[in-house]
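In case you want the letters, here they are:
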Amino acid sequence: MGEGPEGTVRDLYEAINVRDVGRLHQLLAPDLEWWFHGPPEDQHLKRLLTGEAEYIAFEFEPQEVAAFGSTVVAEGCSPGAVWVHAWTVDPDGVITQVREYFNTSLTVTRLGYDSALSSPASSSSKDSAGSTQCLPVWESRLHQRARKSLPGLVLAI
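Quick summary incoming for the structure in this document. Since we're looking at a predicted model, the values are computed, not measured. Starting from 1, residues in each chain are numbered consecutively following that chain's sequence as written. Owing to the predicted nature of the model, reporting of local features is limited to residues with pLDDT of at least 70; listing and counting of side-chain atom pairs is limited to 80 or more, with chain, interface and lining totals taken over all residues. The side-chain numbers reported here are obtained from all heavy atoms of the structure, hydrogens and water having been left aside.

## Some details on the overall build of the protein
Each helix corresponds to a stretch of at least 4 residues labelled H or I by DSSP, and each strand to a stretch of at least 2 residues labelled E; elements are numbered beginning at the N terminus. Helices and strands together make up the secondary structure of the protein, namely 4 helices and 8 strands. Scanning the protein from its N terminus toward the C terminus, one meets helices and strands in the order α-α-β-α-β-β-β-β-β-α-β-β. Whether a residue is buried, partly exposed or exposed follows from its accessible area with a 1.4 Å probe, protein chains only, as a fraction of its type maximum: under 20%, in between, or over 50%, in that order. Residues classed as buried in the protein amount to 45% of the 157 residues present. Only heavy atoms matter for contacts: two residues are in contact if any of them lie within 4.5 Å across the pair. Within the protein, contacts between residues at least 6 apart in sequence are counted, and of these 57% link residues at least 24 apart.

What follows is the structure, given as structure tokens:
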């Protein structure tokens, strides 16, 4: 069993690929929140994890997995498709949310406070709360293999 949120997500993909239903039940919250961006016919992961389809030919082998606190992003591709999953893992190692992007480029940004932006010398505003900015922390790379234009979305964490 892997450690931390990234290890949990790697365990999940291993359980998916060997069809270990018991392990999937341990890793996924029963009320898993799901968000999908893509054509409805491409909801392969949902059909597999909900038992709607016992077998699908689609493989989920992530080429990249990156963790940002409790959010873990995984990206993979197969013939004619690229996918990105953004998983939320709770402190107990249970996955509570998945955001799935199919044939979509994704940029993950972290909302952050920049004290330099709120200093009197660099800002004419007297906003005592300071300023926030989006700091890019991860960007899809495999979408370039699709050789077609894909929509791009930003996920703020």
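## Looking at the layout of surface pockets
Considered as a void within the structure, the largest pocket measures approximately 370 Å³ in volume. Under the scheme applied here, ten amino acids are nonpolar (Ala, Val, Leu, Ile, Met, Phe, Trp, Tyr, Cys and Pro), four are charged (Asp, Glu, Lys and Arg), and all others, including Gly, are polar. The class makeup of the residues in the lining of the largest pocket is 11 nonpolar, 3 polar and 2 charged. Only protein atoms enter the 1 Å grid used here, on which a cavity is any set of points holding a 1.4 Å probe that cannot leave and a pocket is any open set flanked by protein within 12 Å on both sides along at least five of seven lines; residues with an atom within 4 Å of a point are listed as lining. Grid points are joined across faces, edges and corners, and a volume is the space filled by probe spheres set on the points.

## What to know about the sheet that holds strand β1 (residues 28–37)
With mixed pairing, the 5 strands of this open sheet are ordered in space as β1-β5-β4-β3-β2. Where the open sheet ends on each side, the last strands, each with one partner, are β1 and β2 (64–68). This sheet shows a mean twist of 20 degrees between the axes of neighbouring strands, independent of strand direction. Here, any two strands with at least 2 DSSP bridges between them count as paired. Across 7 bridges, strand β4 (residues 81–89) lies against strand β5 (residues 95–102) in antiparallel orientation. To get an axis, fit a line to the C-alpha atoms, keeping to the stretch in contact for a helix; angles then go from 0 to 180 degrees between the N-to-C directions.

## As for the pairing of β5
When you tally the buried positions in β5, you get 7 out of 8 residues, the bulk of the element. In this sheet, β5 lies alongside β1 in parallel orientation, the contact comprising 6 bridges. Pairing of L28 across the sheet is with I95, part of β5. Linking β4 to β5, which pair antiparallel, is a turn of 5 residues; within it G93 sits at a positive phi near 80 degrees.

## Brief notes about unusual backbone geometry
Positive phi values are uncommon outside glycine, yet R19 reaches one of about 55 degrees. Of the residues examined, R19 reaches a relative accessible area of 31% and is grouped as partly exposed. At N103, a position not held by glycine, the phi torsion is positive, near 50 degrees. Summarising the element assignment, N103 is placed in the loop between β5 and β6 (105–114). Residue classification places N103 among the buried residues on the basis of a relative accessible area of 13%.

Don't take any of this as a statement about function, it's just geometry.
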